[in-house]
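Observations on the model geometry
Chain by chain, the residues:
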Amino acid sequence: MPSDLDPIFKPKSIAVIGVSRNPNKIGSILFKYLTESGLPLYPINPHLEEFMGYKAYPSVLEVPEEIDLAIISVPAKAVPQVLEDCVKKGVKGVVIISSGFGETGPEGKKLEEKLKEIIKKGKTRVLGPNTLGIYIPSRKIDGIFTLRERSPRPPAGMFAYISQSGAAGVAFMDYAAHYGIGISAFVGLGNKIDVTEAELMEYFAEDEETKAIALYLESIKDGKRFLEVAKRVTKKKPVVVLKGGRTKRGAVAAALHTGSLAGSDAVIEGAFKQAGIIRAYDEEEIIDFTKVLAYSKPMFGPNVAIVTSGGGYGVIATDYIESTPEKKGVGLKMAELTEETKQKLREILVPYASVKNPIDMTADVTDEQYDKTLEIVNEDPNVDGILCLALFQTPFVSEKLVDIVEKWCKHGKKPMVVVSIGGTYTQKMIKEMEQRHVPIYPSIWRGAKALRVLYDRGRYLKKVGAEGE
Ligand code: COA
């Protein structure tokens, strides 16, 4: 089904209003990156005839062709007139990068109200103002103005990241790019005068490339609608929200940052639970949780098998699995392996290995033993999910271990999370696994939490009688 947000995320032509004779200005940087999209581009600036080899126009009204998307990067005071022109021209979507609106106080708020009045006159959909922009890697649409040398972009991948904070957005993308974690889209929400988080959630729920949706929010525009949409979307795709402004002082900080009211945290907690939203509490969890939900199937019971080559790590992992959240645990259970599983494990592992859960294959483990052990555990009916410690320090495992865990993560019967801990060599393997969409974590704690999220997702789907996608 076509959506009226398609012109923003799947534009067929783009105008950049506010390219500059100075190549270091934000409008010029945006334009330069957008040239890679291969789309018809229209630079708009009253002082230019031509820009980077493209014919320039003084206003969108002078452009003879249709414009799907206009990105506005002129000072706030000039935005109303420019937006008015876009509406008159029938530009379908607009992204307003400019700051200086509701977030700055009463004067800015007035200016923002003016923008709202202007868009009532037409059908133009508006993202922002005060947004970092949009980035759709699969379409090579890079509408982000931070310099790539210091702010690299992630590759194409499987989840959408929607952020009410620009800084949280670029830092996330930098981190994701470093590890090769791909995204289907990044969207900066800005001040939300038109397009809201609810609408974006709905939009990306329909997007084939998107398997999970992450949202960093400081405010929720229309709580009732947001929850209605979330209830619908979460039956299909997982949604993870990091909600800033949980405390009184945090809410004041949020009001100063984006000019919006944060809402009571207790109400939000209950409402999120009801709507099947997975809540993240920090900038690491939002990525960790969304990633595992995008890559893995849900876990429909609490029983975990731990597969490790390090006995100590098996013990630590067991404590995390069995402890309650108050005692730094995730409140799952260690699976009771069947006798058949234990017997099969005895046949393939060294005699001093432990075939009781946690399964300790010992430092003598080989690639083949990892493979066989994961195969056997996948067949055990008492196991609902697997935490695999893929440790690269022992002498008889090789890079093949990456292929093995990838195979069992993607094709095993049970959901599986992988943990690898270590320095340069391990980091190289971690990056390789990230690029292959393996839910890999650099610490046991983060891996255990990811499994818990898969269990919460499974429980929710069971409760509402949905299957998810
Ligand atoms: N139509 C077309 N072009 C126009 C114009 C109009 N109505 N009004 C001005 N311009 C041109 C200017 O002449 C200038 O080009 P020039 O240098 O060749 O003269 C260009 O647009 C840019 O305008 P300028 O006044 O130089 O602004 P700027 O580039 O310094 O800053 C913003 C503009 C939008 C980047 C800035 O006001 C801003 O808001 N910055 C913060 C952005 C931000 O942080 N967003 C949120 C991120 S989370």
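Placed above this text is the structure.
The residue numbering used here restarts from 1 in each chain and proceeds along that chain's sequence as written. Since the coordinates come from a predicted model, pLDDT governs what is reported: local features require at least 70, and pairs of side-chain atoms require 80 or more to be given and counted, while whole-chain, interface and lining totals use all residues. For side-chain calculations, the full set of non-hydrogen atoms in the structure is used, while hydrogens and water are omitted.

1. Considerations on the nonpolar core
- Buried Ala, Val, Leu, Ile, Met, Phe, Trp, Tyr and Cys residues form a nonpolar core when they are joined through side-chain atoms within 4.5 Å. Exposure is judged per residue with a 1.4 Å probe applied to protein chains only, and the accessible area is read against the type maximum: over 50% gives exposed, under 20% gives buried, and values in between give partly exposed. Counting residues in each nonpolar core, the largest one holds 85 residues, and the members touching the most others are Ile321, Tyr370, Leu387, Met416, Val418, Met433 and Leu451.
- A run of H or I in DSSP becomes a helix once it reaches four residues, and a run of E becomes a strand once it reaches two; helices and strands are each numbered from the N terminus. Counting residues per element, this core draws most heavily on helix H16 (residues 444-464), which supplies eight residues.
- Contacts are assigned to residue pairs that have any heavy atoms within 4.5 Å of one another. Dropping the residues within four chain positions of it, Met433 is found in contact with Phe392, Val402, Val405, Val418, Ser420, Val438 and Ile440.
- Counting residues in each nonpolar core, the second largest holds 48 residues, with Phe51, Leu69, Leu189 and Leu217 among its members.

2. Points about unusual backbone geometry
- Following Gly128, the chain continues to Pro129 via a peptide bond in cis, the omega torsion being 0°.
- Cis geometry marks the peptide bond from Asn357 to Pro358, where omega comes out at 5°.
- Relative to the helices and strands, Pro358 is located in the loop between helix H12 (339-348) and strand E17 (359-360).
- The residue Met52 is not glycine, and still its phi comes out positive at about 50°.
- Note on placement: Met52 falls in the loop between strand E3 (50-51) and strand E4 (54-55).
- Backbone geometry at Asn130 places phi at a positive 65°, although glycine is not the residue there.
- The topology assignment puts Asn130 in the loop between strand E7 (125-127) and strand E8 (133-136).
- Using a relative accessible area of 22% as the deciding quantity, one classes Asn130 as partly exposed.

3. Considering the sheet that holds strand E5 (residues 69-72)
- If you walk across this open sheet you meet the five strands as E2-E1-E5-E6-E7, and the pairing is parallel. Each edge of the open sheet is held by one strand with a lone partner, namely strand E2 (41-44) and E7. Across the sheet, the mean angle separating the axes of adjacent strands is 20° when strand polarity is ignored.
- Here, a strand pair is defined by DSSP locating no fewer than two bridges between the strands. Of the pairings in the sheet, the one linking strand E1 (residues 14-17) to E2 comprises four bridges and is parallel in character. For Ala15, the partnering residue across the bridge sits in E2 and is Tyr42. What counts as an axis is a line fitted to C-alpha atoms, over the stretch in contact for a helix, and the angles between N-to-C directions run from 0 to 180 degrees.

4. Focus: the site of the ligand
- When at least one non-hydrogen atom of a residue lies within 4 Å of a molecule or strand, that residue is treated as near it. Not every one of the 23 residues close to the ligand is listed here, only the nearest: Ser20, Arg21, Lys25, Ile97 and Ser99.
- Any N or O atom pair separated by 3.5 Å or less is treated as a polar contact, with the protein-specific requirement of one donor-capable and one acceptor-capable atom, and with residues adjacent in sequence counted only for side-chain atom pairs. Here Asn45 contributes a side-chain N or O atom positioned 3.0 Å from an oxygen atom of the ligand.
- Backbone polar atom of Ile97 to a nitrogen atom of the ligand: 2.9 Å apart, as the coordinates give it.
- Note that accessible areas follow from Shrake-Rupley with a 1.4 Å probe, and for residues the cover is restricted to the protein chains shown. About the coverage of the ligand: the protein hides 72% of its 970 Å² of free accessible area.
- For the shell around the ligand, a count of residues per class yields eleven nonpolar, ten polar and two charged. Each residue is assigned to one of three groups, with Ala, Val, Leu, Ile, Met, Phe, Trp, Tyr, Cys and Pro labelled nonpolar, Asp, Glu, Lys and Arg labelled charged, and all others, Gly among them, labelled polar.

5. What about the environment of Ala390?
- Note on placement: Ala390 falls in the loop between strand E18 (385-389) and helix H14 (400-411).
- The class for Ala390 is buried, based on a relative accessible area of 0%.
- Residues Ala390 and Tyr370, 20 residues apart in the sequence, show an inter-C-alpha distance of 8.5 Å.
- Those residues within four positions of Ala390 in sequence are excluded, and the remaining contacts are Tyr370, Leu401, Val405, Val418, Val419 and Ser420.

6. Topic: the pairing of E1
- Of the two faces of E1, the one carrying Ile14 and Val16 and the one carrying Ala15 and Ile17 are both buried.
- The pairing of E1 with E5 spans four bridges and is parallel. In the strand pairing of E5, Ala15 is matched with Ala70.
- When the strands point away from the viewer and the connection leading from the first strand across the helix to the second strand turns clockwise, the crossover is called right-handed. Following the chain from E1 across helix H2 (residues 26-34) to the adjacent parallel E2, one finds a crossover that is right-handed.

7. Comments concerning helix H9 (residues 265-275)
- Those residues of H9 not exposed but buried are Ile268, Ala271, Phe272 and Ala275. Along H9, the residues classed as buried sweep out an arc of 105° about the axis, all on the same side. In this structure, H9 carries Ala266, Lys273 and Gln274 as exposed residues pointing more than 90 degrees from its buried face.
- Lining the buried residues of H9 we find helix H7 (223-234), strand E13 (239-243), strand E14 (278-280) and H16.
- Once H9 finishes, Gly276 follows within two positions and takes phi at roughly 75°, a positive value. An arc is given here, and it is the one of the directions from the helix axis to the C-beta atoms.

8. Observations regarding the packing of aromatic side chains
- Two rings belonging to Phe, Tyr or Trp (six-membered ring only in the last case) form a pair when the distance between their centres is within 6.5 Å. Interplanar angles under 30 degrees mark stacking, angles over 60 mark edge-to-face geometry, and anything in between is tilted. By the definition in use, this model includes 13 aromatic pairs.
- With centroids separated by 5.3 Å and ring planes inclined at 65°, the aromatic side chains of Phe9 and Phe204 adopt a geometry described as edge-to-face. A residue pair is termed long-range when its members are at least 10 positions apart, and Phe9 in helix H1 (residues 6-9) and Phe204 in helix H6 (residues 197-205) qualify at 195 residues.
- Judged by relative accessible area, Phe204 falls into the buried class, the value being 3%.
- A centroid spacing of 6.1 Å and a plane angle of 20° characterise the contact between Tyr161 and Phe186, whose relative ring orientation is stacked. A residue pair is termed long-range when its members are at least 10 positions apart, and Tyr161 in strand E10 (residues 156-163) and Phe186 in strand E11 (residues 183-188) qualify at 25 residues. Both residues of the pair, Tyr161 and Phe186, count as buried.
- Each ring is checked for a lysine NZ or an arginine CZ that lies within 6 Å of its centre and within 35 degrees of its normal; such an atom marks a charge sitting over the ring. We note Arg148 situated over the ring of Tyr33; from NZ or CZ to the ring centre the distance is 4.1 Å.

Structural measurements only, silent on function.
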